[in-house]
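# Observations on the model geometry
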Amino acid sequence: AKPVPPLLEKTSQSARLFEEAAQCIPGGITANIKHFDPYPLFMESASGARMRDVDGNEYIDYNLCYGALMLGHGHPGVRRAVAEQWETMGSFVFGAPHALEAEMARKLIDLYPGIELIRFTNSGLEATMLAVRLARGWTEKRKIAKFEGHYHGGYDPMLINVQSRNRKRGERPRPVVDSRGVLDEYQDQTVVLPFNDWEASLEILEEEKNDLAGVILEPVQGGFIPPDPVFLRSLREWTNKQEIPLIFDEVKTGFRLGLSGAQGRYGITPDLTTLGKVLGGGFPVGAVGGRRAILETASPVHRGDVLSGNENQTHSRDVLFHSGTYNGHPTVLAAGLATISHLEYEGVFAKVEEATRLLRNGMEEILARWGCSGSTLGDGTIFNVMLSEQPVQNGTKRDAAYPCLRRELDIHLLERGIYIKPMNRFSLSTAHTPDVVAETLDRFEEGVKRLTG
Ligand code: PLP
C-alpha cells in the first residue's frame, strides 16, 4: 500500500468533518477560497498567533482570516470591548442609529486622507459594490475600469479578469468573465487594465474615457504586489484631470500598511476608499468613504429641510440607494474601535513590520541556503513567497512565479504546524513576536529541506 502522507495521517478528524460537510454544503466549504486539496483543515480553537485543529494539531497562523486579524486571535482588549458593549446595550443590535457609528466615522475621517464622509456595510464586497454605484451615480457614466488580477469581492460585475491571464507584453487585456452564471454583458461595462504598466493603461484609458465612471484598484495587488510609484502617481494625475473618480480598494491594505492604509503610505489620495477586514476586528464589516460631494448623493434628506423641521424626502430617483439591515452593527464597531485604538499605541505597527521583515529575511536566507531560487514580495505586514527568479510586477508575471513547487512547500509547512492557505499570502499580527518568528523559521527550514531533499 502507498504510504499515507504525514498531513493526512494526523488530520483524520478534519477528513471526517469534511466528508460530512460535503454532503450538505457544495464542496464542503462556505467560501470557495477555503478549499484546498486533499481537504481543508477544520479548526477548533485559537489564541494569539496560534490555531488548533480538530485533531489537536497546533499551527502558527499566517492566514489570520485572510489578513483580518491584525491583533491575532481573541485579543483581550477586543473581547472586553464587545462584552462591555453587550452589557451596556442589553441587546446585540438596535436597527436604529447609535453613537458608535459617528465615533467610528470620525476616527476613519481623521486617519484616511481620502475620507470626508463614510458609510458602513457588512463586507468588503458590499463596500466595493457601493463605491462603484457612487462613482456611476456621480458621473452618470457607464463603464468601470479595473485591473487584471485584482479582486474586489465575488459579485457579478467584479468577477471579470480576477484571474491573471497569460498575455504578451503590450497586448491589451480583454474583459473575460471569471465565473459561471455571470452574464457576458458585464464584459461590455468593464474596461480591464494591466497593473503597473502605465503606458499600456493610459492608451486604454484615453480610448474609453468618455464612457468611464470610475477606476478601481487594489493599490497593492493581492495585498503583496506593490504599486510602481510612477504608475500610481500617473493614474492619480490622469483621473484627476479627467474628473473620473479613483477608487482605492483598501479592504486588504487598510490598517495593514499603517493606520492610514496605502493612501497614507504612498501619499496618494483617492476619491473613494473601501475598507473591510481589519476594520471589523474579527467581525464582518465594510465601509466606503470619500469626497463629501460624492458621498452626499447617498443622503436621503435635504439638510436645509431637516433643520427647518420639514423632513420631506427627495425624489427617490435623485438619491443613491444604500441600505442594509446590519449596517453599522454595534458589536462590529465596538470590536473595530478597540482594534484601532490598540493599533494606535506608539510602536505597535513598527513592531509588526519589524517581525515581518525578520521573517522575510529569514525565509530568503533559508531559500538561498538550500539552493531554492525564490524570494519574498510585499509591503508592510503582508507578503508572499515567490519561488521564481523572475521579477513580479503584475498578474501576468506573477503566474510564472507560481510553479507547483510552492504548493508542495505549503503542504510541508502545514505538516510542520505553519498555517497558511496553500498558494496564499502570509499576514502577521501583533501576536507574531520575534519568538514566534524564530519558531516559524525553524519549521520553514525543515519544510524547505524536505522540498529540496
Ligand atoms: N476587496 C479586496 C481587495 C479584498 O481583498 C476582498 C476580500 O478578500 C474584498 C474586496 C471582499 O471583501 P469581503 O470578503 O469582506 O466581502
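Residues numbered from 1 in each chain as written. Predicted model: local features only at pLDDT ≥ 70, side-chain atom pairs only at ≥ 80, totals over all residues.

Taken together, the three strands give an open sheet; going across it, the order is β11-β12-β14, and neighbouring strands pair in antiparallel fashion. Because the sheet does not close on itself, it has two edges, and the strands there are β11 (375-379) and β14 (426-427). Two strands pair when backbone bridges link them, and strand β12 (residues 382-386) and β14 are joined in this way by two bridges, in the antiparallel orientation. For Phe383, the partnering residue across the bridge sits in β14 and is Phe426. (Pairing = 2+ DSSP bridges. Helix = DSSP H or I, 4+ residues; strand = E, 2+ residues; numbered from the N terminus.)

A few words on the sheet that holds strand β2 (residues 50-53). Taken in spatial order, the four strands of this open sheet run β1-β2-β3-β13, and their pairing is mixed. Edge positions in the sheet fall to β1 (43-47) and β13 (418-419), since each of these pairs with one other strand and no more. For β1 and β2, the ladder comprises four bridges, and the chain directions are antiparallel. The residue of β2 that forms the bridge with Ser47 is Arg50.

Helix α17 (residues 434-452) packs onto helix α14 (residues 348-369) with a crossing angle of 20 degrees between their chain directions and a minimal axis gap of 10 Å. On the basis of their axis angle, the class for α14 and α17 is roughly parallel. The element α14 and its partner α17 pack so that their crossing is right-handed. Touching Ala355, Leu358, Leu359, Gly362, Met363, Ile366 and Leu367 of α14 are Pro434, Val437, Thr440, Leu441, Phe444, Glu445 and Val448, all from α17. (Axes fitted to C-alpha atoms, helices over the stretch in contact; angles between N-to-C directions. Parallel < 35°, antiparallel > 145°, perpendicular 65-115°, else oblique. Left-handed = near helix turned anticlockwise from the far one by under 90°. Contact = placed C-beta atoms within 7 Å.)

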